[in-house]
Amino acid sequence: MHLDIVGEASNGEELIEMSQLHQPQLAFIDIRMPTIDGLEAIRVAKELSPQTRWVILSGSSDFKYAQEAIRLGVKNYLLKPVDPQSLSRCVEEISEDYNHDLVKGNDEFEFLISSFVWGNRTLQDLSGIQSYQFSGILICIDSSLSESLKLQLIQTWLKEIQTHMKRTMNHKDIRYAKITLRNGDYAIITAWSPSHHAIMLSIRSELVHFIKSKMIEYKTDYFSLTALQSDISNDLETCIHQISSLQYSSPLRTVLPHSGVWSRKDLAFYQNNDQPIVEISRTAEKAVRFYQSNEYLFYKKEIDTLERQLASLPLHQIKTIHALCEYFNTTIKRAFDPNCHSKIWIEKLREFGEKLLPTSANKDLANQDLINQVIRHIEQHYMDDISINQLATQFNITPNYLSTLFSKRCGVTFSRYITQIRMHKAKEILIEKTTMKIQEIANQLGYYSSSHFIKTFSEFHGSSPSQFREQHLDK
């Protein structure tokens, strides 16, 4: 039944010691045992191993034992002799129950991490995972497909990664979260208690190998994925900071071989030792972003810059030219020959830019209508845990693209806009409802702690909510 037996205890004292040591998912207990009886041993051991499911195997059908077992939360009470079918059914039911709790616990973990990333919770709100170790993987998408097709492919790919993680991280002290960052990028965060460090290194290595294989499987002429991996961190804040640094270095994928998993160390080497390559990578990524959002003038400016940068590139860096060509073939159109002189494909890039002009006005109107709908949704649901992923899925585009459109149209990021709405509403409530407690206002606006709300309000308005209310009342 794909179970590992971690040990057998000959008496109640041993049972308690082994429960603390092994933290088993399931334990079969007899009632009559030396030193400490089964029921008393369960009472003590469940405090030391709270996730264990307990099953009594006993020759006694005494009702008072069954009654006490129910009170202790025992999952089943099997009378000896137990037939194999009953035993098998019991184990299967408990296994399903355990897996259900694992999924539920992991969903809660994912929700907490996402809330923290989006600024709705502080580290103090995440006390349950303060002792964990963390690792992050940033996912970068490059494609010339329509937004809906891109979204469909990345969601299917992430679902496969999620299924793999569910299968391998089958312990309550090993967690994972698939989250959408503030700019619409995707990230996978894994977390584990230090006691699972050794096994987690193996699981992490297996996860990276699986991600690599799936990148190769999903790669086409028009779709490519790159993963950037952080170091192991001893706290969530450091992990998120490392993911941010990976985002800063992510343009380097335009000059590196595609469909790979690159470590933070790999990227840091280029970042620190080859500034011309770094600048070329940033220009190339910006050019594609402007091309895909129909911003002709900005696109043209980046192509002019790229031409100057490539002119000073040493001839021996042929791999950079080949990688750049592949990047443009994937993200704009398959029309670039890496063996041609860079001037030839720079001209092709300009030609493609010229074709943006006739469609630009219509696309701008459609994008403006889309962002207006997003703004209306935010104004109606600002108090909820709104994520850019949720809205992007609703409008059938990628979160990254929605983030770009939103910033262009509103002049601020998606998350900043939500904060602005909340802070504006906070002022209204403080003025209109003078007896409403700060904690209640925080909760009404979507903040989980009053301290986080007070900090955000103070940074935004230059005074605490209480000071603002007092100043208004004085007037």
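Bear in mind that the values here come from a model prediction, so they are computed numbers and not experimental data.

Asks: Would you explain the overall build of the protein chain in this entry?
Replies: Along its length, the protein chain carries 19 helices and eight strands. A buried classification covers 49% of the 475 residues belonging to the protein chain. Surface exposure of the protein chain reaches about 23,900 Å², of which carbon and sulfur atoms provide 52%. Measuring between centres, the 52 positive side-chain charges of the protein chain sit 6 Å from its 56 negative side-chain charges.

Asks: Just to check I follow, could you spell out the UniProt feature "modified residue: 4-aspartylphosphate" (unreviewed entry) in the protein chain for this structure?
Replies: The positions UniProt marks with the feature "modified residue: 4-aspartylphosphate" (unreviewed entry) are Asp 30. Take Asp 30: it is sitting in the loop between strand E1 (26-29) and helix H2 (38-48). In this view, Asp 30 contacts Gly 38, Leu 57, Ser 58 and Lys 80; residues no more than four positions away in its chain are not counted. At a separation of 2.7 Å, a polar atom in the side chain of Asp 30 contacts the side chain of Lys 80.

Asks: Help me out: how do you make sense of the UniProt feature "domain: HTH araC/xylS-type" (unreviewed entry) in the protein chain in this one?
Replies: As annotated in UniProt, the feature "domain: HTH araC/xylS-type" (unreviewed entry) corresponds to residues 372-471 in the numbering used here. In this annotation, residues 372-471 is assigned 75% helix and 0% strand; the end-to-end C-alpha distance for the span is 35 Å.

Asks: How should I be thinking about the nonpolar core in this particular structure?
Replies: Core analysis: the largest hydrophobic core is formed by 87 residues, its most contacted members being Phe 328, Leu 349, Phe 414 and Phe 453. Residues in contact with Leu 349, not counting those within four places in the same chain, are Tyr 299, Ile 303, Leu 306, Phe 328, Ile 332 and Phe 336. Membership of the second largest hydrophobic core comes to 26 residues, among which are Met 165, Tyr 186, Ile 211 and Met 215.

Asks: Would you take a moment to explain the packing of aromatic side chains for this structure?
Replies: One pair of aromatic rings is described through two measures. These are the centre distance and the angle between the planes. Taken as a whole and assessed by the stated rule, the structure comprises 14 aromatic pairs. Taking the centre distance of 5.9 Å and the plane angle of 50° together, the rings of Phe 328 and Phe 336 count as tilted. Assigned by exposure class, Phe 328 and Phe 336 land together as buried. With 5.8 Å between their ring centres and 70° between their planes, Phe 457 and Phe 468 make a pair best called edge-to-face. Placement of the pair is Phe 457 in helix H18 (residues 450-461) and Phe 468 in helix H19 (residues 465-474), with a sequence separation of 11 residues. Comparing Phe 457 with Phe 468 shows no difference in burial state: the two are buried. Feature note: the residues Tyr 327, Phe 328, Phe 336, Trp 345 and Phe 352 constitute an aromatic cluster, connected by ring pairs. A cation over a ring is seen here: Arg 121 above Tyr 448, with NZ or CZ 3.5 Å from the ring centre. Sitting over the face of the ring of Phe 290, Arg 289 holds its NZ or CZ atom 5.9 Å from the ring centroid.

Asks: What am I meant to see in the pattern of salt bridges here?
Replies: Opposite charge on two side chains allows them to pair when their charged atoms are near. Under the criterion given, the structure shown has 20 salt bridges. Residue Glu 307 pairs with Arg 350 through a salt bridge whose shortest N-O separation is 2.7 Å. Remark: Arg 350 occurs in helix H12 (residues 342-354) and Glu 307 occurs in helix H10 (residues 296-311); sequence separation between them is 43 residues. Here Glu 326 and Arg 334 are joined by a salt bridge, their closest N and O atoms 3.2 Å apart. A relative accessible area of 23% means that Glu 326 is categorised as partly exposed. Where salt bridges share partners, they join Lys 300, Asp 304, Glu 307, Glu 347 and Arg 350 into one cluster.

Asks: When you look at the pairing of E1 in this model, what are you seeing that I'm missing?
Replies: Side chains on a regular strand alternate between the two faces of the sheet. Here E1 shows one buried face, formed by Ala 27 and Ile 29, and one open face, formed by Leu 26 and Phe 28. Judged from the four bridges that link them, E1 and strand E2 (residues 53-58) form a sheet pairing that is parallel. The residue bridging Leu 26 from the neighbouring strand is Arg 53, located in E2.

Asks: Looking at this structure, how should I read the sheet that holds E2?
Replies: Strand order in the open sheet formed by three strands is E1-E2-E3, with parallel pairing between adjacent strands. Of all strands in the sheet, those bounded by a partner on one side alone are E1 and strand E3 (76-79). Neighbour to neighbour, the strand axes of the sheet diverge by 20° on average, direction disregarded. With respect to the sheet, H2 is in contact with E1 and E2, its orientation differing from that of E2 by roughly 170°.

Asks: Help me understand the confidence of the model for the protein chain in this model?
Replies: Reading fine detail from the predicted coordinates is not recommended where pLDDT is low. Of the residues in the protein chain, 96% reach a pLDDT of 70 or more, and the chain-wide mean stands at 88. Across the protein chain, strand E4 (residues 133-143) holds the top mean pLDDT of 95, while helix H3 (residues 63-71) sits lowest at 69.

Asks: I tried to follow the pairing of strand E5 (residues 174-180) on my own but got confused; where do I start?
Replies: By the criterion of burial, E5 is predominantly enclosed, with six of the seven residues buried. Summarising the sheet, E5 and strand E6 (residues 186-192) pair through seven bridges and their orientation is antiparallel. Each bridged residue has a counterpart across the sheet, and for Tyr 176 the counterpart in E6 is Thr 190. Between the end of E5 and the start of E6, which pair antiparallel, lie five residues, with Gly 184 showing a positive phi angle near 95°.

Asks: Just checking my understanding: could you explain the environment of Leu 313 for this structure?
Replies: Topologically, Leu 313 is positioned in the loop between H10 and helix H11 (318-331). Leu 313 sits in the buried class, given a relative accessible area of 11%. The spacing of Leu 313 and Ile 280 is 33 residues in sequence and 9.4 Å in space, taken between C-alpha atoms. Setting aside chain neighbours within four positions, we find Leu 313 in contact with Ile 277, Ile 280, Thr 320 and Ile 321.

Asks: It is not clear to me how the sheet that holds strand E8 (residues 261-263) should be interpreted in this structure. Could you clarify?
Replies: The strands making up a sheet associate through backbone hydrogen bonding, with each pair oriented either parallel or antiparallel. The mixed open sheet is built from five strands, whose spatial order is E5-E6-E4-E7-E8. Pairing within the sheet leaves two strands with one partner each, and these edge strands are E5 and E8. Between one strand axis and the next, the sheet turns by 20° as a mean value, whatever way the strands run. One ladder, built from seven bridges, connects E4 with E6; its direction is antiparallel. Across the sheet, Ser 135 pairs through a bridge with Thr 190, a residue of E6.

Reading guide: rules and limits
Along each chain, numbering runs from 1 in the same order as the chain's sequence is written. With pLDDT at 70 or above as the cut-off, local features in this predicted model cover only qualifying residues; side-chain atom pairs require 80 or more to be listed or tallied, and sums for whole chains, interfaces and linings still use all residues. With hydrogens and water stripped out, all remaining heavy atoms of the structure feed into the side-chain values. The way it works is that DSSP assigns letters per residue, a run of H or I at least four long becomes a helix, a run of E at least two long becomes a strand, and they are numbered from the N terminus. Working definition: with a 1.4 Å probe on protein chains only, accessible area under 20% of the residue-type maximum means buried, over 50% means exposed, and in between means partly exposed. Surface accessibility follows the Shrake-Rupley procedure with a 1.4 Å probe radius. Residue values consider only the protein chains on display as shielding. In this count, Lys and Arg are taken as positive residues and Asp and Glu as negative ones, while His and the chain termini are left out. The location of each charge is read from NZ of Lys, CZ of Arg, CG of Asp or CD of Glu. UniProt positions are given in the numbering used here, feature names are shortened, and annotations may be inferred rather than shown by experiment. In what follows, a contact means two residues having at least one pair of non-hydrogen atoms within 4.5 Å. We call two N or O atoms a polar contact when they sit within 3.5 Å, provided that within protein one can donate a hydrogen and the other can accept it, with sequence-adjacent residues counted only if both atoms are side-chain atoms. We define a nonpolar core as any set of buried Ala, Val, Leu, Ile, Met, Phe, Trp, Tyr and Cys residues linked to one another through side-chain atoms lying within 4.5 Å. Pairing of aromatic rings covers Phe, Tyr and the six-membered ring of Trp, with a centre-to-centre limit of 6.5 Å; geometry is then stacked below 30 degrees between planes, edge-to-face above 60, and tilted otherwise. A ring has a charge above it when a Lys NZ or an Arg CZ is no more than 6 Å from the ring centre and no more than 35 degrees off the ring normal. Each reported salt bridge corresponds to a side-chain nitrogen of Lys or Arg within 4 Å of a carboxyl oxygen of Asp or Glu. The pairing criterion for strands is at least two bridges between them, as found by DSSP. The axes are straight lines fitted to the C-alpha atoms, using for helices just the contacting stretch, and the angles between their N-to-C directions are given from 0 to 180°. On a scale of 0 to 100, pLDDT captures the predictor's confidence in every residue.

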